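Topology and contacts: notes
Spelled out from the first residue to the last, the chains are:
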Amino acid sequence: MTKAPLLSLRGLGIRFGGLVAVDEVNLDLPHGHITCIIGPNGAGKSTLFNLITGIYKPTSGQVVLNGETITALAPHKIAAKGIARTFQSSRLFEDLSILDNVIIGMHARTKTGVLTALLLPWISRRELEACATEAGDILNRISPELYARRYEPAGILPQADRRRLEIARALASHPKLILLDEPSSGMDDRDTAGLMADIRRVMADTPGLSFLIIEHDMRLVAELPDDVIVIDYGKKIAEGDFAEVRLLPRVQQAYLGQKAVENA
Amino acid sequence: MSAQNPSVPDNLALPAPLVVIAAQVIGAALLWGLLTAESTLVILLLLAVMAAAFAAMQIRPQIEENIVAAFRRSRRLALMVGLVLVLIWPFFLIKNTYGMHLVIVALLYSVLALALNFQLGSANIPNFATGATYGIGAYTSALLAINYGFSLWATLPAAAIVATAFGFLLGIPSMRTKDSYLALVTIAFGIVIHQMLNNLSWTGGPNGLVGIPAPSLFGHSFMSPINVFGYRLPAQANFYYLSVVLLGLAILSAKRLHESRIGLAWNAIRADELAAKSQGINVAWYKILAFAVDAFLAAFAGTVYAFYVSYISPDNFTFLVSVTIMTMVIVGGMDNTFGVIVGAFLLTLLPEKLRIFSDYRLLFVSVVVILFLILRPRGLFPQRQRSYGGH
Ligand SMILES: Nc1ncnc2c1ncn2[C@@H]1O[C@H](COP(=O)(O)OP(=O)(O)O)[C@@H](O)[C@H]1O
Ligand SMILES: [Mg+2]
């Protein structure tokens, strides 16, 4: 067994003009691990996701996936390498069916090109039908209600279902790493419990798969992850077990600072 | 909205085969009426009938659902009835040269509208240059036929290759620009092509190209009438059947791409580009591909048009032509093949038949677009969700 990390960030950073949004972040994510990222609003957590997935080009540092440098590759190439993600404010293909949303998640691992689609249509139809079957299974595992409504447009779903569908779409690509940006926002306690159960089940079903999750719900952060990373002002300020990390003065400071701002 | 697979209807009041046959015969009759009617009053009456049908569907969507379900259930019958109607169609217009001409033009515009639909409908790329790629196809074929004696059949692939190359070229800016900026790029491209056709000497300048030789197939010249069952179809019928075959090809291409991961990728780009990228979709490539497919089909239409009228000039391929094609897609229904064809027929026939409006063509088109964007923003026949066999 190789002990090399699944994902390594080496001095990763980006500045927007004068603002250093992510500052020299170093990080090793093991295989088969759940890691939560916490930190106050505006700390640079979502920006870090955008750097990993190639949506922003870093101004410093490297992103290494399984030993391969993928820094600043185009987003679609990084997706094809096995990093799937959800967005803080969900981005579904609103006018397409719930099922099609999941099928599109399989784009990077299907192959049909234009000529095949035009000249050998049965091949592309068979491919898409196999995708539809698998997409149905994925949906059904995440949420039987979503499965039952799979031919309805995604745009009509309520917040919690949108998050679930985004996760189903991410799973559809058979990724090695899934980045979830605040998956429990817009969910009530029951939904959040369901979300944790789903993540654990997916982990159990898929050896080696890792999750990197930005979260604000402290109950989830206390229960779910193997590790926690704290980010403040773009810097990684702490890392480790949540029970220990939460007691660190600099972590308390970061959150207290935010409370002070919010109360002001 | 039903949670069912869209191919499984909730209930059908009438037997599917009856619905299918009735719908197609009524549709053909309406088209025949529009083509042959002389008086504006009759035409307005026919339009009122159509408007009433759409109003009914608008108020009770179940009607439309049922008709679609019937067609899905009796797909083979629908295809056969349609084929028969299309084959015997020229027999109903034997004396009506003008009506036949309008049908051929409408068929070619249907191909152009389907070509544009890959971009505008599937991927939401505003391309105002379909008229230009249409012209590139027509001029390539005409030049090859006049100067080098190419036959229609040889010019078809040649024109498609040349136009597709231009399509790729036009698609490259789409990697960097979006929306209104991209629209401006395509408008500029269209104007440049039009200006070049107007000013170059080897394209005949504003006079265009004359004397494109009539094509022939297995020794049958397209200038000679078709004799069948003692009937004598005018020579135009040759081009009618050729245009039908071309439209058939366009429909087949549209269907096959729509039912593949390529159509899904285009739809994903239309809905959310960033999310599409994050699913592994190479957005730049798919946009360029949409331009290339558009140009390929438009070149076919241009070739058939050039051989049909045997005379082309830059004025056949103006910005207005591009706008008209765009209107056909918007009116008919984005990413709905049938809708786009209906849009193409209506917008070809109405300005011609409603002579009162003929001096106000652009006004007519503009009013139609505005009305549709307000009343039925997704077109006469909006895109339907895909269904997958057995699920
Ligand atoms: N594209 C951008 N241009 C300029 N500033 C940005 C951009 N994206 C993010 N930022 C800034 O970077 C900081 C971190 O934002 P973000 O990563 O969204 O924080 P969070 O930790 O809440 O997810 C914020 O100050 C934000 O305004
Ligand atoms: Mg954020």
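The written sequence of each chain sets the order in which its residues are numbered from 1. Just so you know, chain letters begin at A and ligand numbers begin at 1, following the order they were written in. Under the rules for a predicted model, residues below a pLDDT of 70 receive no local features and side-chain atom pairs below 80 are neither given nor counted, while totals for whole chains, interfaces and linings still include all residues. Side-chain measures were taken over the full set of non-hydrogen atoms in the model, leaving aside hydrogen atoms and water.

Here's the deal with the sheet that holds strand 10 (residues 235–240) of chain A
Residue and element names in this part refer to chain A. Put simply, the rule is: By the convention used here, strands pair only if DSSP detects at least 2 bridges between them. Here a strand is any run of E in DSSP of at least two residues, a helix any run of H or I of at least four, and the numbering for each starts at the N terminus. Axis lines are fitted through C-alpha atoms, for helices just across the contact stretch, and the angle between N-to-C directions can take any value from 0 to 180 degrees. Note on definitions: a residue-residue contact is assigned when non-hydrogen atoms from the two residues lie within 4.5 Å.
Read across the sheet, 6 strands follow the order 6-7-8-3-9-10 without closing on themselves; strand pairing throughout is mixed. The open sheet has two free edges, formed respectively by strand 6 (83–85) and strand 10, since each of these has just one partner strand. Each strand of the sheet is rotated relative to its neighbour by a mean of 20°, with strand direction disregarded. In this structure, strand 3 (residues 34–38) lies alongside strand 9 (residues 227–232), joined through 4 bridges in parallel fashion. Following the sheet pairing, Ile38 is matched in strand 9 by Val230. Its contacts with the sheet put helix 7 (residues 159–172) on strand 6 and strand 7 (177–181), and the angle it makes with strand 7 is roughly 160°.

Description of the domain arrangement of chain B
Residue and element names in this part refer to chain B. Our working definition: Where each domain begins and ends follows an automated or database-derived domain assignment. What counts as buried area is the accessible surface, traced by a 1.4 Å probe, that two parts surrender upon association, with contributions from both included. A side-chain nitrogen of Lys or Arg and a carboxyl oxygen of Asp or Glu constitute a salt bridge if their distance falls within 4 Å. Pairing of N or O atoms within 3.5 Å defines a polar contact, subject to two protein rules: one partner must be a possible hydrogen donor and the other a possible acceptor, and residues neighboring in sequence count only if both atoms are side-chain atoms.
According to the domain assignment, chain B consists of domain 1 (1–93) and domain 2 (96–356). Each of domain 1 and domain 2 was reduced to a C-alpha centroid, and the two centroids are 26 Å apart. Each side of the interface is counted separately: domain 1 has 17 residues, and domain 2 has 20 residues. Counting the surface lost from both domain 1 and domain 2, the interface buries some 1600 Å², and carbon and sulfur atoms represent 77% of this. Sorting the residues of domain 1 by area buried against domain 2 places Leu35, Phe91 and Leu93 first, and these three jointly supply 36% of that buried surface. Counting across the domain 1 and domain 2 interface gives 0 salt bridges. Counting the contacts that link domain 1 with domain 2 gives 2 residue pairs in polar contact (both at pLDDT 80 or more). Of all the elements in the fold, those that place two or more residues in the side of domain 1 that touches domain 2 are helix 1 (16–36), helix 2 (40–59) and helix 4 (75–88).

Focus on the interface of chain A and chain B
The criterion, for reference: As a working rule, the residues Ala, Val, Leu, Ile, Met, Phe, Trp, Tyr, Cys and Pro are called nonpolar, Asp, Glu, Lys and Arg charged, and the rest polar, with Gly in that last group.
Across the boundary between the two partners, chain A contributes 41 residues, which contact 37 residues of chain B. Summed over the three residues of chain A that lose the most area to chain B, namely His76, His107 and Tyr151 of chain A, the buried surface amounts to 21% of that side. One salt bridge in this structure joins Arg91 of chain A and Asp272 of chain B, with 2.8 Å as the shortest N-O distance. On inspection of chain A and its partner chain B, the count reaches 12 residue pairs in polar contact (both at pLDDT 80 or more). Elements that contribute at least two residues to the side of chain A that touches chain B include exactly helix 2 (75–81), helix 3 (98–104), helix 4 (114–119) and helix 5 (121–142) of chain A. No other element matches helix 5 of chain A, which puts 8 residues into the side of chain A that touches chain B. Its residues assigned to classes, the side of chain A that touches chain B shows 20 nonpolar, 9 polar and 12 charged.

Description of the site of ligand 1
Residues and elements named next belong to chain A. The cut-off we apply is this: Throughout this document, a residue counts as near a molecule or strand when at least one of its heavy atoms sits within 4 Å of that molecule or strand. For accessible areas, the Shrake-Rupley method is used with a probe of radius 1.4 Å. Any residue's cover is judged against the shown protein chains and nothing else.
Near ligand 1 the following residues occur: Phe16, Leu19, Ala21, Pro40, Asn41, Gly42, Ala43, Gly44, Lys45, Ser46, Thr47 and Tyr56. Gly42 is positioned such that a nitrogen or oxygen atom in its backbone is 2.8 Å from an oxygen atom of ligand 1. Contact distances for ligand 1 include 2.9 Å between an oxygen atom and a backbone N or O atom of Gly44. When ligand 1 sits alone it has 560 Å² of accessible area, and the protein chains cover 63% of it. Counting only elements with at least two residues in the shell around ligand 1, the list comes to strand 2 (19–29) and helix 1 (45–52). When residues of the shell around ligand 1 are assigned to their parent elements, the largest contribution, 3 residues, is made by helix 1. Split into classes, the residues belonging to the shell around ligand 1 amount to 6 nonpolar, 5 polar and 1 charged.

Notes on the pattern of salt bridges
Counting across every chain of the model gives 22 salt bridges over all chains. With a closest N to O distance of 3.1 Å, Glu134 of chain A and Arg109 of chain A form a salt bridge. With Glu134 of chain A in helix 5 and Arg109 of chain A in the loop between helix 3 and helix 4, the pair connects residues that are 25 residues apart, well separated along the chain. Between Lys287 of chain B and Glu273 of chain B there is a salt bridge; the shortest N-O distance is 3.1 Å. Of this pair, Lys287 of chain B sits in helix 12 (residues 283–309) while Glu273 of chain B sits in helix 11 (residues 273–278), and the two are 14 residues apart along the sequence.

Concerning the coordination of the magnesium ion (ligand 2)
What counts, and what does not: As a rule, N, O and S atoms within 2.8 Å of a metal are its donors, except that Na, K and Ca use 3.2 Å; water is not among the atoms, so sites may look incomplete.
On the protein side, the magnesium ion (ligand 2) has Ser46 of chain A (OG) and Gln88 of chain A (OE1) as donor atoms, found 2.0 to 2.1 Å from it. Linking Ser46 of chain A in helix 1 with Gln88 of chain A in the loop between strand 6 and helix 3, this pair joins segments that are 42 residues apart in sequence.

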